[in-house]
Amino acid sequence: MEQEWITIAGTIEAVIFRNEENGYAVLRLATESGDSFVVVGCMPNVGVGEFLIGRGVWGSHPSYGEQFQLKSCERHLPAAEGAILDYLSSGTVRGIGRKTAEKIVETFGTDTFRVIECEPERLAKIPGITKERAKTMSEDFRIQNGISRLMEFLVSHGLEPQLALTLYRAYGSHALRLLQKNPY
């Protein structure tokens, strides 16, 4: 008998494990009510501070105990400065560690993600960040967001989220646009 899917929502407190090849991740999720539990499933490039709305079932691992087995999810980047700092400090975006994240968030505040994605040249005005490094940070950030958007599109059409990495590797940043234009 198949379990009925339920919906969970919360903020990612910690990424316990992440497989870059297939997007599988193990994380700790904190709900608004203060509960905290382990979530497992396909969540490419997931980061601390993201807000996650997921659908799936409860399961039990013989070694690790009770965990929520994610079947589909919707992810939202953090909006508050502290959460943005946690997200960038978590190593989710290559080239950004704690000290660099502090400088970026201190400079751009809640506009940080928009600057990284759309105006990376402004990052180079921060001491220690070269134009090349700013460009690399921006490219990595855009790739991660592209995969997340692609994954959400696939799930909304009844497809497995794991397919997102394969499609992104094959079609790059054009994958979502190509699928929306011709899903066959």
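Our subject is the structure that appears above.
Everything quoted here is computed from the prediction, not taken from an experiment.

Peer 1: An account of helix H4 (residues 131–156) is requested, with residue identities and associated values reported.
Peer 2: Between the first and last C-alpha of H4 there are 37 Å, a value that for 26 residues agrees with the 38 Å anticipated at 1.5 Å per step. Phi turns positive, to about 80°, at Gly158, one or two residues after H4.

Peer 1: Run through the nonpolar core, naming residues and quoting values.
Peer 2: Inside soluble globular proteins, nonpolar side chains tend to come together where they are buried. Ranked by internal contacts, the top residues of the largest apolar core, which has 26 residues, are Ile8, Leu27, Leu29, Val39, Met43 and Leu150. Every element with two or more residues in this core is listed here: strand S1 (6–18), strand S2 (24–30), strand S3 (36–42), strand S5 (65–76), H4, helix H5 (163–171) and helix H6 (175–181). Top element by residues in this core is H4. It accounts for five residues. Leu85, Tyr87, Val115 and Ile116 belong to the second largest nonpolar core, which has 19 residues in total.

Peer 1: Requested: an account of the packing of H4 against H5, with residues and values cited.
Peer 2: Relative to each other, H4 and H5 sit at 125°, their axes nearing to 9 Å. If you check the angle between H4 and H5, you find them oblique. Between H4 and H5 lies a crossing of right-handed hand. Along its contact with H4, which presents Arg142, Ile143, Gly146, Ile147, Leu150, Met151 and Leu154, the element H5 presents Leu163, Ala164, Leu165, Leu167 and Tyr168. Along the lines of polarity and charge, the residues of the contact of H4 with H5 split into ten nonpolar, one polar and one charged.

Analysis parameters
Here, residues in each chain are numbered from 1, in the same order as that chain's written sequence. This being a predicted model, a pLDDT of at least 70 is required before a residue's local features are given, and a value of 80 or more before pairs of side-chain atoms are given or counted; all residues contribute to the totals for chains, interfaces and linings. Side-chain metrics in this entry use all non-hydrogen atoms of the structure; hydrogen atoms and water are not considered. Helical segments are the DSSP runs of H or I of at least four residues, strand segments are the runs of E of at least two, and each set is numbered from the N terminus. Take the residue count of a helix, subtract one, and multiply by 1.5 Å to get its expected span. What we call a nonpolar core is a set of buried Ala, Val, Leu, Ile, Met, Phe, Trp, Tyr and Cys residues that are connected through their side-chain atoms within 4.5 Å. Here the term buried applies to any residue with accessible area under 20% of the maximum for its type, exposed to any over 50%, and partly exposed to those in between, with areas from a 1.4 Å probe on protein chains only. To obtain an axis, a line is fitted to C-alpha atoms, over the contacting stretch when the element is a helix, and the angle between two such axes runs from 0 to 180 degrees between their N-to-C directions. Geometric relationships in this document are graded by angle, where less than 35 degrees denotes roughly parallel, more than 145 denotes roughly antiparallel, 65 to 115 denotes roughly perpendicular, and other angles denote oblique. Put simply, a crossing is left-handed when the front helix is turned counterclockwise from the back one by less than a right angle, and right-handed when it is turned clockwise. Residue contacts are counted whenever heavy atoms from the two residues lie within 4.5 Å of one another. Three categories are distinguished: nonpolar for Ala, Val, Leu, Ile, Met, Phe, Trp, Tyr, Cys and Pro, charged for Asp, Glu, Lys and Arg, and polar for the others, with Gly belonging to the last.

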